[in-house]
Amino acid sequence: MNVKAAVVEELGKPLEIRQLQLDEPQANEVQVRIVATGVCHTDAVVRDGWMPTRPPIVLGHEGAGVVEKVGAGVDHLRPGDHVVLSVNSCGTCRSCLSGHPAACVNIFAHNFAGSRIDGTTAYSYADGTPVKSHFFGQSSFSERVNASVRSVVKIPEDFPLELAGPLGCGIQTGAGAVLNVLRPGPGGTFVVFGAGAVGLSALLGAVASRVGTIIAVDVNDDRLALATELGATHVINGMNEDAVARVLDLTGGGVQTALDTTGNARVFRQMIDSLAMSGHAGALGAAAAGSEGVIDLPGALARGIRITWIVEGDAVPQLFIPELIALHRAGDFPFDRLIKTYAFDDINTAFADSESGEALKPVVLL
Ligand SMILES: [Zn+2]
Ligand SMILES: [Zn+2]
């Protein structure tokens with residue numbers, strides 16, 4: 001089958017729109033017609049060669065669409081089902097079996113290798129040259145994909161597919177850090193460092209949890225204004241203010257739960273220094289090499305703090321994404337406020353706007 005797809009042909013270069021051949025769905029795969037797909041920071045870092053994944057490859061890992069065909073061994077999905085595509089995992093390792101597929105021991109092979117486990121790829125050029133596929137089990141920057149079944153999450157048919165894709169990664173990552181891991185309770189205190197798509201999704205998770213004091217720290221006043229609209233009780237511009245002193249002041253001596261979405265060592269240290277006794281901090285930003293040694297170890301012991309590094313919100317996507325949709329329907333999780341849509345042919349503008357901060361969560365429409 002012929003499909004239009006966006007291909008990384010050279011590291012660090014814009015994606016190229018190409019006509020590719022898509023093969024048939026294999027065992028434990030479903031073929032999905034993609035309606036919309038989010039653009040995530042991880043797409044950009046792979047395009048730019050931060051990971052060992054090499055071109056030519058179709059990226060994209062926040063796909064949303066409609067099942068058209070099911071491969072052998074897939075009994076629980078049918079043509080016509082509406083689905084979100086999320087992180088892939090092996091299903092058989094200790095992490096997967098204990099309900100933590102984002103910590104899958106085989107996460108690289110199932111998400112970043114650029115092929116099926118048997119080494120084949122779903123896409124090829126007209127001359128038969130293979131183009132890598134199965135990025136996060138999907139490679140959703142394409143009109144149609146053959147997705148690994150463990151990436152596939154069935155959603156209600158009346159939920160807009162134009163919104164649903166980012167639930168597969170960015171939104172799940174922020175909201176899951178709060179709802180699945182940090183779990184600040186009603187009336188509790190929470191601070192998020194970084195008010196991008198992931199940070200604001202975390203903030204929305206705290207709002208949905210009826211957390212009493214919700215603080216957002218960023219250096220961009222527009223984002224802080226949006227954080228206030230979405231339910232932050234306080235915002236701090238870290239460029240002009242001493243964020244740690246303000247958080248300690250606002251929380252009466254320290255915050256119970258905190259999340260760093262920036263991966264910046266200085267910000268991470270601010271988060272740790274903002275914690276109350278027995279406070280729980282989460283970290284999910286990719287830190288640069290050389291960021292080691294930023295924790296005050298004696299102080300951390302004296303305060304009995306906890307730090308958890310969190311991947312993909314520690315979620316089981318097939319359980320968590322329907323929960324987020326239910327919260328959205330109840331009016332408690334308005335993540336649609338973070339989304340800006342683009343035509344598929346403008347996918348490189350979507351990448352650029354994400355990098356510049358012009359868009360929080362770009363979604364391209366196919
Ligand atoms: Zn696994
Ligand atoms: Zn992502």
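Keep in mind that this is a model prediction, so the values were computed, not measured. (Residues numbered from 1 in each chain as written. Chains lettered and ligands numbered in written order. Predicted model: local features only at pLDDT ≥ 70, side-chain atom pairs only at ≥ 80, totals over all residues. Heavy atoms only, no water.)

Observations regarding the coordination of the zinc ion (ligand 1)
Short version of the rule: Coordinating donors are taken to be N, O and S atoms lying within 2.8 Å of the metal, or within 3.2 Å when the metal is Na, K or Ca; because water is excluded from the atom set, some sites may appear incomplete. In this scheme the shape depends on donor count and angles: four donors with every angle between 85 and 135 degrees give tetrahedral, four or six donors with opposite pairs above 155 degrees and others between 65 and 115 give square planar or octahedral in turn, and any other case is irregular. Type-normalised accessible area, obtained with a 1.4 Å probe on protein chains alone, sets the label of each residue: buried when under 20%, exposed when over 50%, and partly exposed for intermediate values.
Taken together, Cys90 (SG), Cys93 (SG), Cys96 (SG) and Cys104 (SG) make up the protein donors of the zinc ion (ligand 1), found 2.3 to 2.4 Å from the metal. In this structure, the zinc ion (ligand 1) is coordinated by 4 donor atoms arranged in tetrahedral fashion, with angles at the metal of 102 to 118°. Relative accessible area serves as the criterion here: at 9%, cysteine 93 is assigned to the buried category. What makes cysteine 104 buried here is its relative accessible area of 4%.

So, the nonpolar core
Condition: In this description, a nonpolar core means a group of buried Ala, Val, Leu, Ile, Met, Phe, Trp, Tyr and Cys residues linked to one another through side-chain atoms lying within 4.5 Å. Strands are runs of DSSP state E lasting at least two residues, helices are runs of H or I lasting at least four, and both sets are numbered from the N terminus onward. Contact between two residues is taken to exist if any of their heavy atoms lie within 4.5 Å; hydrogens are not considered.
Counting residues in hydrophobic clusters, the biggest one holds 49 residues, and the most contacted among them are Ile155, Phe190, Leu259 and Phe335. Of the residues forming this core, the biggest block, 7 residues, is contributed by helix H5 (residues 170-182). Leaving out residues up to four positions away in the same chain, phenylalanine 335 has contacts with Phe159, Leu163, Leu167, Ile171, Leu204 and His328. In terms of nonpolar packing, the next biggest core, distinct from the first, is built from 43 residues, Val8, Ala44, Val83 and Val364 among them.

Looking at the sheet that holds strand E2 (residues 16-22)
Sheet strands associate in pairs through backbone hydrogen bonding, adopting either a parallel or an antiparallel arrangement. Our working rule: Note on pairing: DSSP must find at least two bridges between two strands before they are called paired.
Spatially, the 4 strands line up as an open sheet ordered E1-E2-E6-E7, and their pairing is antiparallel. Each edge of the sheet is formed by a strand with only one pairing partner; in this case those strands are strand E1 (2-7) and strand E7 (130-131).

A look at the layout of surface pockets
Worth spelling out the cut-off: Here a cavity is any set of points on a 1 Å grid over the protein atoms alone where a 1.4 Å probe fits but cannot get out, and a pocket is any open set with protein on both sides within 12 Å along at least 5 of 7 lines; a residue lines the site when it has an atom within 4 Å of a point. Grid points are joined across faces, edges and corners, and a volume is the space filled by probe spheres set on the points.
Put simply, the second largest pocket is a space of about 330 Å³. Surrounding the second largest pocket, 17 residues form its lining, Ala27, Asn28, His110, Ile117 and Ser148 being those nearest its centre.

Observations regarding the domain arrangement of the protein
The condition that has to hold: Boundaries between domains were set according to an automatic or database domain assignment. Once two parts are brought into contact, the accessible area they lose, counted with a 1.4 Å probe and summed over both, makes up the buried area.
Domains assigned within the protein are domain 1 (2-168 + 334-365) and domain 2 (174-310). Each of domain 1 and domain 2 has a C-alpha centre, and these two points are 30 Å apart. Taken together, the contacts link 8 residues of domain 1 with 10 residues of domain 2. Interface of domain 1 and domain 2: buried area, both sides summed, is about 720 Å²; carbon and sulfur atoms make up 71% of it.

With respect to unusual backbone geometry
Going from proline 55 to proline 56, the amide bond is cis rather than trans, its omega being -5°. Along the chain, the position of proline 56 falls in the loop between helix H1 (41-47) and strand E4 (63-70). Not every positive phi belongs to a glycine, and arginine 210 is a case in point at roughly 60°. With respect to the helices and strands, the residue arginine 210 is situated in the loop between helix H6 (197-208) and strand E11 (213-218). Positive phi is not limited to glycine here, since glutamate 312 has a value of about 50°.

Quick word on H5
Note the cut-off: Working rule for helices: expected span equals 1.5 Å times residues minus one.
Relative to the 18 Å expected for 13 residues at 1.5 Å per residue, H5 spans 17 Å between its end C-alpha atoms, a close match to the ideal helical length. Burial within H5 is extensive, with 12 of its 13 residues counted as buried. In this structure, the buried side of H5 is in contact with strand E10 (189-193), H6, strand E13 (255-260), strand E14 (275-283), strand E15 (306-309) and helix H11 (317-329). Taken from the residues just after H5, arginine 183 is the one with a positive phi, measuring 45°.

Description of empty space enclosed by the protein
Here is the rule we go by: Under this grouping Gly is polar, as are all residues other than the nonpolar Ala, Val, Leu, Ile, Met, Phe, Trp, Tyr, Cys and Pro and the charged Asp, Glu, Lys and Arg.
Counted under the stated rule, the structure contains 1 cavity of 30 Å³ or more. Its volume calculated, the largest cavity comes out at about 40 Å³. Lining the largest cavity are Val87, Asn88, Ser89, Pro101, Ala102, Gln172, Glu312, Ala315 and Pro317. When its residues are assigned to classes, the lining of the largest cavity shows 5 nonpolar, 3 polar and 1 charged.

Let's talk about the side chain of serine 95
What counts is decided by this rule: Residues adjacent in sequence count toward polar contacts only when both atoms are side-chain atoms; beyond that, a polar contact is any pair of N or O atoms within 3.5 Å, and within protein one must be able to donate a hydrogen and the other to accept it.
When you line up the elements, serine 95 lands in helix H2 (residues 94-97). A polar contact of 2.9 Å, which involves the side chain of serine 95, links it to the backbone oxygen of alanine 103. Ignoring sequence-local partners within four residues, the contact set of serine 95 consists of His100, Pro101, Ala103, Cys104 and Val105.

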